[in-house]
Amino acid sequence: MNLLNDTLLNDYAIKLDELKQQGNLRQFTSNVQQGHVIEINSQKMLNLSSNDYLGLASDIKLREQFFDETPNELRIMSSSSSRLLTGNFPEYEQLEDSLSQAFQGRAALLFNSGYHMNIGILPALSDSRTLILADKLVHASMIDGIRLSTAKYVRYRHNDLNHLTQLLQKYHADESFDRIIVVTESIFSMDGDETDLAELVRIKKQFSKVMLYVDEAHAMGVRGEQGLGCAEQYGVIDDIDLLVGTFGKALASVGGYLICHPIIREYLINSMRPLIFSTAQPPMCMAWTDFIFQKVLTLKNERQHLSNISHYLQHAILSKGFDCPSTSHIVPVIIGESQKTVDKARQLQQAGFYIMPVRPPTVPKHSSRLRISLTTQVSQTDLDQLVALL
Ligand SMILES: *Cc1c(COP(=O)(O)O)cnc(C)c1O
């Protein structure tokens, strides 16, 4: 290696070393998964860090059924192009039709991932006469979308709809803005708490320039009679202008979707860069997502079980004296100090529960936590054993 290269690399090596010193170095861990069991370094543990909320990704029978029903000529593993060129296979339109039907006839548009979706929609729909008001804790992908846009940007206190209302009162009359987009999640990934969507819609209706953007990544499949998310649960599907979600979690697949007005859909097809300039997902993935989506619509009992064990765990954690903001299947145990949290996570892993510690900067200072994410494959007995160790 020449000297110049060494110097360049050295800068990064120093930064990595700093991360390591602070205990913040991130690394891949290889693992083997079978059902709800995850094996790491030949230790088998109950997987309590999975986004496979309905256990569908690990269901081998489902996979067999899908491949049996899909002949070789339909197992198309690349779309070879953006949808605007030659990539628009029938599987795309089929899945959009399914979504549109389920979501009360509204238009549906698909994206390669939730990340593509969130970095693409906001810049496409905003200009310098747009104000974005976002919950303090929205996912990094929405923050990146806001950063890529030319909109002005203000954050409101997490889940504080009074604060949001104050900001709307302040900015709605401001003539420098043509529109205000309010951005939030329904179920939040770190606290497992949720936005009161009915109240959010009620507030929005008082301000004519406002559009709502709600990310249901953690609620899709899990909430509502048919699993369409919190918007279905609270009867506000028609009232959320930009209703987005992902297929990579409960839906056991990959990709993102938007439910919106047909004009917004057409406008995004003409302006959204991650949609226009990226090869579309393989048609095979679309077919799989549609196959899973049809199943998910019927999984009422599974959703009920998940809800039951979630409430059970939330109560158990509170009665142990911990803070627990969760109202969902994502249940944090807030410990406070990072080192204590890391030690506790290690102890639980040794006892057979795969739970990860979450520390700053992912969460605010002094709120390090164990993040438990429940799936339908977890039983009440599992939780009793876990709670006894807390
Ligand atoms: C996981 C997640 C995403 C990203 O979706 P991918 O399909 O994994 O890219 C976006 N938003 C939220 C709230 C998420 O939790």
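Only a predicted model underlies this, so the values are computations on that prediction, with no experimental measurement involved. (Residues numbered from 1 in each chain as written. Predicted model: local features only at pLDDT ≥ 70, side-chain atom pairs only at ≥ 80, totals over all residues. Heavy atoms only, no water.)

Asker: Where do I start with the domain arrangement of the protein chain in this structure?
Answerer: Frequently, the measure chosen for interface size is the accessible area removed from exposure when the parts meet. Under the domain assignment, the protein chain is made up of domain 1 (23–54 + 299–389) and domain 2 (72–296). Relative to domain 2, the C-alpha centre of domain 1 lies at a distance of 27 Å. Residue-level contacts link 20 residues of domain 1 with 20 residues of domain 2. Taken as a group, Tyr 53, Arg 303 and Thr 327 account for 28% of the area that domain 1 buries against domain 2, more than any other trio of residues on that side. Applying the counting rule to domain 1 against domain 2 returns two salt bridges. Note that Lys 300 is salt-bridged to Glu 225, the shortest N-O span being 3.6 Å. Our count for the contact surface shared by domain 1 and domain 2 stands at 15 residue pairs in polar contact (both at pLDDT 80 or more). Among the elements of the structure, helix H12 (300–319), strand E11 (330–336) and strand E14 (368–373) are those that each provide at least two residues to the side of domain 1 that touches domain 2. If one sorts the elements of the side of domain 1 that touches domain 2 by residue count, H12 sits on top with three residues. Class assignment of the residues belonging to the side of domain 1 that touches domain 2 gives a composition of nine nonpolar, six polar and five charged. (Domains from an automatic or database assignment. Contact = heavy atoms within 4.5 Å. Buried area = accessible area lost by both parts, 1.4 Å probe. Salt bridge = Lys/Arg side-chain N within 4 Å of Asp/Glu carboxyl O. Polar contact = N/O pair within 3.5 Å; in protein donor to acceptor, adjacent residues only side chain to side chain. Helix = DSSP H or I, 4+ residues; strand = E, 2+ residues; numbered from the N terminus. Nonpolar A, V, L, I, M, F, W, Y, C, P; charged D, E, K, R; others polar.)

Asker: What is the right way to read the packing of helix H6 (residues 161–171) against helix H7 (residues 197–204) from this model?
Answerer: Relative orientation and spacing of two packed helices are given, respectively, by the angle between their axes and the distance between those axes. Interhelical geometry of H6 versus H7 gives an angle of 15 degrees and a closest axis separation of 11 Å. Considering their axes alone, H6 and H7 lie roughly parallel with respect to each other. In this structure, H6 crosses over H7, and the sense of that crossing is right-handed. Note on element contacts: H7 touches H6 through Glu 199, Leu 200 and Ile 203, opposite Leu 161, Leu 164, Thr 165 and Leu 168. Considering only residue class, the contact of H6 with H7 consists of five nonpolar, one polar and one charged. (Axes fitted to C-alpha atoms, helices over the stretch in contact; angles between N-to-C directions. Parallel < 35°, antiparallel > 145°, perpendicular 65-115°, else oblique. Left-handed = near helix turned anticlockwise from the far one by under 90°.)

Asker: Please explain the nonpolar core as it appears in this structure.
Answerer: Generally speaking, a soluble globular protein has its nonpolar side chains buried in company with each other. If you look at the biggest cluster of nonpolar residues, it comprises 82 residues, and the most contacted ones within it are Leu 99, Ile 372 and Leu 374. In terms of residue count, the dominant contributor to this core is helix H11 (residues 283–296) (seven residues). The two domains that each donate at least three residues to this core are domain 1 (23–54 + 299–389) and domain 2 (72–296). Sequence-distant contacts of Ile 372, defined by excluding residues within four places in its chain, comprise Leu 48, Leu 313, Ile 317, His 329, Ile 330, Val 331, Val 333, Ile 355 and Leu 386. (Core = buried A, V, L, I, M, F, W, Y, C linked by side-chain atoms within 4.5 Å. Buried < 20%, exposed > 50% of the residue type's maximum accessible area, 1.4 Å probe, protein only.)

Asker: I would appreciate a short explanation of the packing of aromatic side chains in the present structure.
Answerer: Each aromatic ring pair is specified by the distance between its two centres and by the angle formed by the two planes. Inspection of every chain in the model, using the stated rule, returns seven aromatic pairs. With 5.5 Å between their ring centres and 70 degrees between their planes, Phe 66 and Phe 67 make a pair best called edge-to-face. Given a relative accessible area of 4%, Phe 66 falls into the buried group. Here the aromatic rings of Tyr 171 and Phe 177 are separated by 6.1 Å at their centres, their planes lie at 75 degrees, and the arrangement is edge-to-face. Members of the aromatic cluster, each reached through a chain of ring pairs, are Phe 66, Phe 67, Trp 288 and Phe 291. (Phe/Tyr/Trp six-rings, centres within 6.5 Å; stacked < 30°, edge-to-face > 60°.)

Asker: Explain the side chain of His 329 to me, please; I cannot follow it from the model alone.
Answerer: Here His 329 is to be found in the loop between H12 and E11. From its side chain, His 329 meets the backbone oxygen of His 218 in a polar contact 3.4 Å long.

Asker: I would appreciate a short explanation of the UniProt feature "domain: Aminotransferase class I/classII large" (unreviewed entry) in the protein chain in the present structure.
Answerer: Taking the numbering used here, the UniProt-annotated feature "domain: Aminotransferase class I/classII large" (unreviewed entry) corresponds to residues 44–388. End C-alpha to end C-alpha, residues 44–388 measures 20 Å, and it is 39% helix and 18% strand. (UniProt positions renumbered as here; feature names shortened; annotations may be inferred.)

Asker: Looking at this structure, how should I read helix H5 (residues 140–148)?
Answerer: Along an α-helix, residues three or four positions apart point the same way, because every turn accommodates 3.6 residues. Every buried residue belonging to H5 is among Ser 141, Met 142, Ile 143, Gly 145 and Ile 146, and all of these are buried. Summarising the contacts, the buried residues of H5 are in contact with helix H4 (114–125), strand E5 (130–135), strand E6 (152–156), strand E7 (179–185) and strand E8 (210–215).

Asker: Where do I start with the sheet that holds E6 in this structure?
Answerer: Backbone-to-backbone hydrogen bonds pair the strands of a sheet. The strands run either parallel or antiparallel. Ordered by their spatial adjacency, seven strands build an open sheet running E4-E10-E9-E8-E7-E5-E6, and the pairing between neighbours is mixed. The open sheet has two edge strands with one neighbour each: strand E4 (107–111) and E6. Geometrically, the sheet is characterised by an average inter-axis angle of 20 degrees between neighbouring strands, direction not taken into account. Bridge analysis of strand E9 (residues 242–246) against strand E10 (residues 256–260) gives four bridges, and the strand direction is antiparallel. Across the sheet, Val 244 pairs through a bridge with Leu 258, a residue of E10. The strands touched by H4 are E4, E5, E7, E8, E9 and E10; relative to E9, the strand with the most contacts, the crossing angle is about 160 degrees. (Pairing = 2+ DSSP bridges.)

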